[in-house]
Amino acid sequence: MSAEILSFETGRPAAEGEPALVVDVAGYEGPLDLLLALARTQKVDLAKISILALADQYLQFIEAARQIRLELAADYLVMAAWLAFLKSRLLLPEPPAAEGPSAEEMATALANRLRRLEAIREAANRLMNRPQFQRDIFPRGNPEAIAEIRHPKYTATLYDLLTAYAVQRQSRVLASVHLARRTVWSLAEARASLERLIGMADTEDWGCLDEYLLRYVPDPSQRATVLASSFAAALELVREGAMELNQKEAFAPLYFRKRPAPAEGPAPMPDL
Amino acid sequence: MPSLAEKRMDDAEDAVTGPEGRPEELRLLEALLFASAEPLDTATLAKRMPDGVDVKAALARLQTEYASRGVNLVRIANKWTFRTAGDLAWLMTRESTETRRLSRAAIEVLAIIAYHQPVTRAEIEEIRGVVTSKGTLDVLLETGWIRPRGRRKTPGRPLTFGTTESFLSQFSLEALGDLPGLEELKGTGMLDTRLPTGFTVPTPSDDPALREDEDPLEPADLELTLAPHVEPEGGPAGGDNEDES
Amino acid sequence: MPSLAEKRMDDAEDAVTGPEGRPEELRLLEALLFASAEPLDTATLAKRMPDGVDVKAALARLQTEYASRGVNLVRIANKWTFRTAGDLAWLMTRESTETRRLSRAAIEVLAIIAYHQPVTRAEIEEIRGVVTSKGTLDVLLETGWIRPRGRRKTPGRPLTFGTTESFLSQFSLEALGDLPGLEELKGTGMLDTRLPTGFTVPTPSDDPALREDEDPLEPADLELTLAPHVEPEGGPAGGDNEDES
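Just so you know, these numbers come straight off a predicted model, no measurement behind them.

Basis of the calculations
- Residues numbered from 1 in each chain as written.
- Chains lettered and ligands numbered in written order.
- Predicted model: local features only at pLDDT ≥ 70, side-chain atom pairs only at ≥ 80, totals over all residues.
- Heavy atoms only, no water.
- Contact = heavy atoms within 4.5 Å.
- Buried area = accessible area lost by both parts, 1.4 Å probe.
- Salt bridge = Lys/Arg side-chain N within 4 Å of Asp/Glu carboxyl O.
- Helix = DSSP H or I, 4+ residues; strand = E, 2+ residues; numbered from the N terminus.
- Nonpolar A, V, L, I, M, F, W, Y, C, P; charged D, E, K, R; others polar.
- Polar contact = N/O pair within 3.5 Å; in protein donor to acceptor, adjacent residues only side chain to side chain.
- Pairing = 2+ DSSP bridges.
- Core = buried A, V, L, I, M, F, W, Y, C linked by side-chain atoms within 4.5 Å.
- Buried < 20%, exposed > 50% of the residue type's maximum accessible area, 1.4 Å probe, protein only.

**Student:** Looking at this structure, how should I read the interface of chain A and chain C?
**Tutor:** Chain A puts 36 residues into the contact, and the matching count from chain C is 51 residues. When chain A packs against chain C, close to 3,900 Å² is buried across both sides, 59% of that on carbon and sulfur atoms. The largest contributions to the chain A side of the interface with chain C come from Glu29(A), Arg116(A) and Phe138(A), which together make up 20% of the buried area. The interface formed by chain A and chain C includes 6 salt bridges. The partner of Arg126(A) in a salt bridge is Glu184(C), and the shortest N-O contact between them spans 3.3 Å. Listed by contribution, the elements that provide at least two residues to the side of chain A that touches chain C are α2 (31–40) and α5 (103–128) of chain A. At 14 residues, α5(A) tops the list of elements feeding residues into the side of chain A that touches chain C. Of the residues that constitute the side of chain A that touches chain C, the class distribution is 18 nonpolar, 5 polar and 13 charged.

**Student:** Looking at this model, I keep getting lost on the interface of chain B and chain A. Mind explaining?
**Tutor:** How big an interface is tends to be stated in terms of the accessible area lost upon association of its parts. Between chain B and chain A, the residue contacts involve 49 residues of the former and 34 residues of the latter. In this assembly, chain B packs against chain A so that about 4,200 Å² is buried in total across both faces, 60% of it on carbon and sulfur atoms. It is Arg94(B), Arg100(B) and Met190(B) in chain B that bury the most area against chain A; as a group they hold 14% of the surface buried on that side. With a closest N to O distance of 3.1 Å, Asp160(A) and Arg101(B) form a salt bridge. Where chain B meets chain A, there are 17 residue pairs in polar contact (both at pLDDT 80 or more). When contributions to the side of chain B that touches chain A are tallied by element, the ones reaching two or more residues are α2 (24–35), β3 (79–84), β4 (93–101), α5 (104–116), α6 (121–128), α7 (134–143) and α8 (165–170) of chain B. Of the residues in the side of chain B that touches chain A, the class split is 27 nonpolar, 11 polar and 11 charged. Across 9 bridges, the pairing between strand β1 (residues 147–155) of chain A and β4(B) is parallel.

**Student:** Help me understand the sheet that holds strand β6 (residues 146–152) of chain B in this model?
**Tutor:** Each strand in a sheet pairs with another by means of backbone hydrogen bonds, the pair being arranged parallel or else antiparallel. Residues and elements named next belong to chain B. With antiparallel pairing, the 4 strands of this open sheet are ordered in space as β5-β7-β6-β8. Only two strands of the sheet have a single partner each, and these edge strands are β5 (119–120) and β8 (214–215). With 2 bridges connecting them, β5 and strand β7 (residues 159–163) associate as antiparallel partners. Across the sheet, the residue bridging to Thr-120 is Thr-160, located in β7.

**Student:** Quick question: what am I supposed to make of the nonpolar core here?
**Tutor:** As a rule of thumb, soluble globular proteins bury nonpolar side chains together. One finds Leu35(A), Tyr58(A), Tyr115(C), Phe167(C) and Leu179(C) to be the most contacted residues of the largest nonpolar core, which totals 64 residues. Counting residues per element, this core draws most heavily on α5(A), which supplies 12 residues. If you look at the next biggest cluster of nonpolar residues, it comprises 50 residues, including Leu40(B), Leu91(B), Ala58(C) and Ala85(C).

Treat this as a map of the structure, not an account of what it does.
So this is what it looks like as structure tokens:
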């Protein structure tokens, strides 16, 4: 036992007693890494390594760490427990027809895991030693821009086209209708004019509505609105009994007069 | 693994050094000039070279070596850099198509041309109530959907415009007569049903035969359809007051 | 004005064409590859070449021509690019920008992913005998050298990792088969995760096609490649006990 400890601690002054350097666990990337580091001290091919010796070294390392109350990650303790189990299996005679892998197989599996980790580390090393892009080898420092010649391809849908056409055409037409509306004769205006007309006509003679109205319509385009409003106002005045309207036939000129007193008979129509 | 050509070159050249029969400084210069983001002057290059290298002579040789290649070593303002050979500039372009939507003004002018063809620019403006910008007609000519088709027999002999076959295919129309008329436009709600009775929509026709009031185009006019940037016709008013901002 | 050496080379080579005794397509390829900031694949190059040019043969010849120069033509993941020669790293130190220094753990994980891909986090941990910290995978994802490529069809459906094209580019590997020591590792059975009883010797592959035991990534997984900070998979033990201090 003590001989093994000494061989494990080679290079360190044995007089110190405290295996401080050995338990520098922070430098290891987990229990496998620690095992690999310990195995290297055996200076033999991993295939020929003594797993029993390795297990002993590991357990001593853990024990030393515990003596100086170093907190160890659970991984390390799990590995220690497993190695202690493996060690006891390796030392005891193999029970006949045991279930599961034999102790030898378990030892080989561990050796293989160590070999595999060592192999991938070696590969990682070689990978990182390859000439690396932008560190060792470089691309063109001043690449030349490839000029782009753009060919526009225009899109438009039939809907866009038709909407554009319709909107343009009717916006102008509807806009002019809107302008005319501003000069429209309101019903109130028409009624006021008609009442004045009736008041002015002190006789009960028939007058031609169209002729009178023309005086109020300086712009021929307003004729329709004046006529329509006046007609509506006239109908209202007839209903109220203020005036009478007469028309020979459809679209013929309209005649009006102040409604005579009820005693008198209807005046004769003017001869047309 | 040098090529056969290089091997023969090696045999022919006895004076050169280096494993491949080429002075090592040429490799160094190649690498430095290639990787540098900027042209390098002789002094800067010399500082990076091993002692005793005649940098100027090496650069001259490198320039000669690359003279016939697709990439040349050129000196610009006393600095050296690799550049694509001048005669290969065409190779450095990439053609791409990009889809663009027509502007509203262009669509509007196109619609007027489609329905009212043959139509002059002045007539388009009369219908739209706005001056048509030169750019709008340019874009439409570029689309290939309109073409100048003749000249109106009126003072100034303005160009008349009409639509093309590619206009039909763009809008999936079998014939121009398939464009909806007044009643159909009203039916789809695009036209207001309260429009005054005098309102008409023409029956469009793209018959290539010239109308009675049209003269054929002159030889110079035909170039318009090839050259997209064109002043098709002097507008009735100055072109300053345009319909696009 | 070709150099003496080139003139002699011209004389020696009778079969070649072009004014300088060198096929024109070599000039075109040179120009394109020198100018491009990114490696170009054969199809892209072929599109820019005149019809009837054997692009592959021309590239092979160009590669040979440049093999001994300070700038080499290299193929990475089937794309071609010019790069400075690897042996001139000493000369180029000044161009070198800040290089990423990976931790020992990250280098180890990267190597395991490269040689064992597609590989899950649990399998990486099985090989290393230690829990992989989230930070380690984050750093590697951030380099863009690894990517989650699918999900293993096992309980928990863990993510599988593989390397990317930029991994190949970083380490100047034409393909994954050029990984250093790959043949030895395969020969000794070191790439078999089911040691020691397995008989098959797997070959790492970055073929984006999923293996039989891989499922495609889900939409949410794809964000991983954009967002480097990721928890790819719950480790077999609690993730608190990490391998980096």
